[in-house]
2 protein chains.
Amino acid sequence: MRRINAKRVLVGEPLDTARLGETLLPKRLALPIFCSDPLSSVAYATEEILLTLALGGVALLHLAWYAAAAIVFLLVVVVASYRQTCHAYPGGGGAYVVSAENLGQSAALTAASALLVDYVLTVAVSVVSGVAAITSAVPALNDHQVALSVAFVVLLTLMNLRGVRESGRVFAVPTYGFVLVIYLMFAVAAVRIGTGDTIRAESATLPITADGTYTGIALVLLAMRAFASGCTALTGVEAISNGVPAFREPKSRNAATTLAAMGALAVTMFMGITVLAMVYEVHVAADPTQLGLPRGTPMSTALAQIGRATFGDLHVLFYLLQAVTAGVLVLAANTAFNGFPMLASILARDRYAPRQLYNRGDRLVYSNGIVLLALAAIALIVAFDAQLTRLIQLYIIGVFVSFTLSQAGMVRHWRRELASPATPREERIHIHRRLAINAVGATLTALVLVIVLITKFTHGAWLVCIAMPVLFLGMKGVRRHYDTVTRQVAVPAGAHPRKPARHHVLVLVSSVHAPTLKALGYAQALHPDTLTAVSVAADEDDMRRLSETWADHAPGISLKVLHSPYREVVGPVMAHIQELAAADGTDVLSVVIPEYVVGHWWEQPLHNQNALRLKTRLLFTPGVAVIDVPYLLESAKAGEGDGVGMPVR
Amino acid sequence: MRRINAKRVLVGEPLDTARLGETLLPKRLALPIFCSDPLSSVAYATEEILLTLALGGVALLHLAWYAAAAIVFLLVVVVASYRQTCHAYPGGGGAYVVSAENLGQSAALTAASALLVDYVLTVAVSVVSGVAAITSAVPALNDHQVALSVAFVVLLTLMNLRGVRESGRVFAVPTYGFVLVIYLMFAVAAVRIGTGDTIRAESATLPITADGTYTGIALVLLAMRAFASGCTALTGVEAISNGVPAFREPKSRNAATTLAAMGALAVTMFMGITVLAMVYEVHVAADPTQLGLPRGTPMSTALAQIGRATFGDLHVLFYLLQAVTAGVLVLAANTAFNGFPMLASILARDRYAPRQLYNRGDRLVYSNGIVLLALAAIALIVAFDAQLTRLIQLYIIGVFVSFTLSQAGMVRHWRRELASPATPREERIHIHRRLAINAVGATLTALVLVIVLITKFTHGAWLVCIAMPVLFLGMKGVRRHYDTVTRQVAVPAGAHPRKPARHHVLVLVSSVHAPTLKALGYAQALHPDTLTAVSVAADEDDMRRLSETWADHAPGISLKVLHSPYREVVGPVMAHIQELAAADGTDVLSVVIPEYVVGHWWEQPLHNQNALRLKTRLLFTPGVAVIDVPYLLESAKAGEGDGVGMPVR
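Residues numbered from 1 in each chain as written. Chains lettered and ligands numbered in written order. Predicted model: local features only at pLDDT ≥ 70, side-chain atom pairs only at ≥ 80, totals over all residues.

Caption draft 1: Focus on the overall build of chain A. When helices and strands are counted, chain A shows 23 helices and five strands. Here chain A holds 649 residues, and 52% of them are scored as buried. (Helix = DSSP H or I, 4+ residues; strand = E, 2+ residues; numbered from the N terminus. Buried ≥ 20, exposed ≤ 12 C-beta atoms within 10 Å, placed from the backbone.)

Caption draft 2: Region of interest: helix α5 (residues 95–103) of chain A. All names here are of chain A. Most of α5 sits out of view: seven of its nine residues are buried. Listed in full, the buried residues belonging to α5 are Ala95, Tyr96, Val97, Val98, Ser99, Ala100 and Asn102. In this structure, the buried side of α5 is in contact with α4 (63–88), α6 (105–137), α13 (315–349) and α16 (396–419). (Contact = placed C-beta atoms within 7 Å.)

Caption draft 3: Seen up close, the packing of helix α12 (residues 302–311) of chain B against helix α13 (residues 315–349) of chain B. All names here are of chain B. At a closest axis distance of 9 Å, the pairing of α12 and α13 adopts a crossing angle of 155°. By the angle between their axes, α12 is roughly antiparallel relative to α13. For the pair α12 and α13, the crossing hand works out as right-handed. Counted together, Leu303, Ala304, Gly307, Arg308 and Phe311 of α12 and Leu317, Phe318, Leu321, Gln322 and Thr325 of α13 form the full contact between these two elements. Grouping the constituent residues of the contact of α12 with α13 by class yields six nonpolar, three polar and one charged. (Axes fitted to C-alpha atoms, helices over the stretch in contact; angles between N-to-C directions. Parallel < 35°, antiparallel > 145°, perpendicular 65-115°, else oblique. Left-handed = near helix turned anticlockwise from the far one by under 90°. Nonpolar A, V, L, I, M, F, W, Y, C, P; charged D, E, K, R; others polar.)

Caption draft 4: Looking closely at the packing of helix α4 (residues 63–88) of chain B against helix α16 (residues 396–419) of chain B. Residues and elements named next belong to chain B. Orientation of α4 relative to α16, taken along the N-to-C sense of each, is 55°, at an axis distance of 11 Å. Put simply, α4 runs oblique to α16. α4 and α16 meet at a crossing whose hand is left-handed. Here α4 contributes Val78, Ser81, Gln84, Thr85 and Ala88 to the contact with α16, which in turn contributes Phe403, Ser406, Gln407, Met410 and His413. Here the contact of α4 with α16 is built from residues that sort into four nonpolar, six polar and no charged.

Caption draft 5: Highlighting the pairing of strand β5 (residues 624–632) of chain A. Within β5 of chain A, nine of the nine residues are buried, which leaves the element mostly enclosed by the surrounding structure. The two faces of β5 of chain A match: Val624, Val626, Asp628, Pro630 and Leu632 of chain A on one face and Ala625, Ile627, Val629 and Tyr631 of chain A on the other face are all buried. Summarising the sheet, strand β4 (residues 588–597) of chain A and β5 of chain A pair through nine bridges and their orientation is parallel. In the sheet register, Val597 of chain A faces β5 of chain A, and the bridge partner there is Leu632 of chain A. Sheet topology places β5 of chain A next to strand β5 (residues 624–632) of chain B; three bridges connect them, and they run antiparallel. Each bridged residue has a counterpart across the sheet, and for Ile627 of chain A the counterpart in β5 of chain B is Ile627 of chain B. (Pairing = 2+ DSSP bridges.)

Caption draft 6: Structural context of the pairing of strand β3 (residues 558–563) of chain A. Both strand β2 (residues 530–537) of chain A and β3 of chain A contribute to a ladder of six bridges, which runs parallel. Residue pairing across strands places Thr532 of chain A opposite Ser558 of chain A, the latter belonging to β3 of chain A.

Caption draft 7: Examining the sheet that holds β5 of chain A more closely. Judged by pairing direction, the sheet is mixed, and its 10 strands sit side by side in the order β3(A)-β2(A)-β1(A)-β4(A)-β5(A)-β5(B)-β4(B)-β1(B)-β2(B)-β3(B) without closing on themselves. Of all the strands in the sheet, just β3 of chain A together with β3 (558–563) of chain B have a single pairing partner and so form its edges. Here the average twist between neighbouring strands, direction ignored, is 25°. As judged from the five bridges shared by strand β1 (residues 503–508) of chain B and strand β4 (residues 588–597) of chain B, these two strands associate in the parallel manner. Across the sheet, the residue bridging to Val505 of chain B is Ser590 of chain B, located in β4 of chain B.

Caption draft 8: Quick peek at the confidence of the model for chain A. All names here are of chain A. When pLDDT is averaged across chain A, the result is 85; 90% of the residues are at 70 or more. Mean pLDDT per element in chain A: helix α1 (residues 6–11) is the minimum at 54, and helix α11 (residues 251–279) is the maximum at 94. Counting contacts from residues 639–649, a segment whose pLDDT is below 50, to residues more than four positions away or on other chains yields 27 contacts. For this predicted complex, the interface confidence comes out at an ipTM of 0.71, alongside a pTM of 0.68. (pLDDT = per-residue confidence, 0-100.)

Caption draft 9: Fine view of unusual backbone geometry. Residue Pro250 of chain A follows Glu249 of chain A across a cis peptide bond; omega there is -10°. Considering the arrangement of structural elements, one finds Pro250 of chain A in the loop between α10 (239–242) and α11. Located in the positive-phi region is Glu281 of chain B, a residue other than glycine, with phi close to 60°. Along the chain, Glu281 of chain B turns up in the loop between α11 (251–279) and α12.

Caption draft 10: Main features of the environment of Thr258 of chain A. Residues and elements named next belong to chain A. As for its position among the elements, Thr258 is in helix α11. Judged by the 25 C-beta atoms lying within 10 Å of it, Thr258 falls in the buried class. For the pair formed by Thr258 and Leu31, sequence separation is 227 residues and the distance between their alpha carbons is 6.3 Å. Once residues within four sequence positions are removed from consideration, Thr258 is found in contact with Lys27, Ala30, Leu31 and Ile240.

Caption draft 11: Structural context of the nonpolar core. In this structure, Leu50, Ala124, Leu373 and Leu391 of chain B are the most contacted members of the largest nonpolar core, which totals 170 residues. Sequence-distant contacts of Ala124 of chain B, that is, excluding residues within four places in its chain, are made with Ala377, Leu380, Ile381 and Leu391 of chain B. Within the second largest apolar cluster, 168 residues are counted, among which are Ile134, Met185, Phe227 and Val448 of chain A. (Core = buried A, V, L, I, M, F, W, Y, C linked by C-beta atoms within 7 Å.)

Caption draft 12: Fine view of helix α7 (residues 145–161) of chain B. Spanning 17 residues, α7 of chain B covers 24 Å between terminal C-alpha atoms, matching the ideal 24 Å at 1.5 Å per step. For α7 of chain B, every residue scored as buried is listed here: Leu148, Ser149, Phe152, Val153, Leu156, Thr157, Asn160 and Leu161 of chain B. (Expected span 1.5 Å × (residues − 1).)

Caption draft 13: Spatial organisation of the environment of His576 of chain A. Residue and element names in this part refer to chain A. Position of His576 among the secondary structure elements: in helix α21 (residues 570–583). Judged by local crowding, His576 falls into the partly exposed class, with 16 C-beta atoms found within 10 Å. Along the chain, His576 and Val534 lie 42 residues apart, while their C-alpha atoms are 9.1 Å from each other. Sequence-distant contacts of His576, defined by excluding residues within four places in its chain, comprise Val534 and Leu562.

And the structure:
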């Protein structure tokens, strides 16, 4: 009965659960899978700082040095913090798990809401900015950004539905390629500057018109907003701590090592790009008119300008830079494709999300979660018209909510360990160190969260401030529903099935033909306490005709004919059944419905839909069971083999 | 359990079948119901003749006299022919019935296809041209013709769903009003012309640019096309013969009388309007530039011009004329709302159409047919952008196909009567007369059909020439399907229900809770020969946990646990069931599915949809019956009263 279908071609043959172990990741594959997000964000973090400062004119651009320094410091602290998490939670220490264990249900759900929102934004922002790298190199594609972005999301979805291992291989090339080309660019720049070249970006000579004067509080706020924008460089750092179980043994140590390597790469790349942007005097602005250019002029990204200036006549290297940048950005979305479904599965396990999200699909990945994430990201991309500057405003709040909760949870975790008398003395010194690291992390990320909220709220972040509580309440509602159901269906220990006192069977009859006789024979085999046939007649003629045929074919079974003045079937039958069902509280009534089964979809509307409507109504009638006795017409039997003949006639 | 709902407010309370007699029509109500179509078509028939002749320039307009004369003659012949049908078929002598009885199945289905297409076109054309009468008086509504037309169709649908009697009353006023105002207009014109006034239409002074020179064959074809266009005046004549059973006794005589009255009214009104149009020198054209007006100039209908010229300063009467014209035209669609559902019901009775069209709805009208007609008409109106001149090209073919078949059938009918020795001698003379009338009618309408086909085919009528065969084949297909089903489910006389040899019961178990225990208790009450529980486990842990609980709660029932390596439920369960079902050809296997029932739609996606998918698959498995044992959660019980407690625990 297995059919060859499009799904198999696109996502591959099903995998056995026993093969789950085979999909564990070595460090060299784990790095590209979990780190394409934090690494790739250096491609736009510097630009976001400059874009914000440009509002204050050329004079304020030097503030980028301070913002970048603060971000590098923050990045080091956060990486150090999360390394502690990898050690403390070898089973996977995402913000949700850590908050749940240490801070309670509400903190955990807050973290979960933040993470879910951010995974969706990671996909949207990364893919859109990858497409921007492409259009920086190929301006002709400028008008197709939405279509390209959606196409990339679909591509990622299909790759992820194929399973984690193959993903790692496919994603290693662009991630490592991106790192290498960036370092190559640094080397070329160093050599050229060292040999006395003066390199300037194409936009260095453009003026920047300030959109106002920024002094006092306004200046501080602008600087803080520039810093907040640059904090996009930190997104995705938590992915590794969440994915510890996907590492090979020793899981915790491998994960912590990978995290440190990622941190080193991210810090050096971010610093290098920022230095070059400042040295080359890259001028960028959200609106071309601010740079004295006509409205609608296509503009290159800051990184593209740096690349073009550095590589000069080596056009091949510039295009390679854009290609790997686009590649790593589109694949950065993959971090979310790993994280979101895993978190959704944990939430489903804890019954905060529909249980369809719990099970792995037949390629051992969480198929439903993957599809859900892709749909949400596509909706965002289309709604925001694939405009990076608008999407990025929504992006960082969730990240820092989960950072803060996660680090605060770790602080509580270590304090609890210290309080436990079981903790050996020689461990305590290490725990004090870990506690200190996480405390610093929690304090700093909380501070940044406040800064982000203040500076981004009116620029679109309010949307996230609505989405998160909605998700929060939704998850609580789902849990409440499941709890209610569990309570309602629970049975005490030792409870046994109990037979109903009496069993009444009702066979619905439209006319006397083979399906009816089959259903009647079946009904007799149930050995019911009472057996009645019920039919509906619109007029006297009908009624008489039916009674005559009945006497011919089923004289032993009593037939009740209901008069239906409105020529309707469902209503009178339901009324009759409800009357019977209400008569006795310990009996059970089975309603037998003989049904034609036709084999073609177009044959379906040629038959009355009364059976379907009746079945739906009967589901809601207490004390009633519904029995379908299908009668396969020849068209329905095609391709089913010989099957079993039913004993009719 | 009866709920107050929107349907009741819109279409009224259900009526009892016994009240069907009450809805029989007196002649004074039958006339507006069945004749708004033929009467109202005089509002545009003259204009259609002039529009066509205008292509040849002013010089050819005098040909309208000949075309109109031919049409009047044709109208008299057709009315005379159909009066014979009323007498011969008191049970309703539509083209379908007459063709079926006298010319065989294929002719009958051809007639039916033609009639179905034409009913739809009647609604579309009448409503659109009614809206044109409104926009002639209120040019501001010119841009809303599609919306207005659709709104009128919806209004008609609701009125018809309320039932035939109320329809008659509502429709009498505009129909009689239209007739009276037209005669009033004739009287005013006669008095003014008699007293020496010279009346000219507003367009009399406009030049008409011919779109080519018409001589020889081209001239003949143009004249024929003008005649064919004017034949729209004949549409709807057959409605009365179709609706004889709706008349009061003596049905046939009352129907024939009404038909004669309608003929007299239609002929005099058509003649009068044509005479006035010629005398007033009304100039019309499909395209304003042909009249030397700028493109897009809103133009009045010919009837509106005649009214404006005749009533002069009596503006009130002009607006009254437009109002009743619009009223009668929109209501003309009502002829189709009576005819289409009745024909569809007859076709369904003969099993050429889905049986849902057979039954009357709860207001004693054929609700499904009414809705179907409305949907088709709305589709046409939207597709043709509510442009009368384009819709009218499709209109007349179907009419004349059914006229011809119907009259030819009547000829055969009378010849058969003559051939029968049972026919009394004194009747024979009358039958000879009737035969002659119908023979003339058949010949003439066949001739007109050829003319219409030749002159209209390339102007859009080809669409009808495709639609009719499609309907024809569709109806044959439906009949073939029903015949096949009937053959497959037929039972020989005296066949009795036979119990299956053995009854095996399988209870599907997801985990041990109240719905499962309830289903097990129920299954025991079926006294099966074998009773097994079946569950699916993804891994060893699952399996062990389930077996332990099972031993606790249902030690007496054997549990079969299926291993599902792909974590899938439906596949393994189906495989297991098919294996069991295939084992023995005379046994029957019941699959018991315990089901939660939740009360809110949003709760549904929180539960796995496995039950539904299983049930669908099982319907197609021979030898299997499906038993739903619903377990109502509290949310599903709300509003259902106390109901019956099921014996669980």
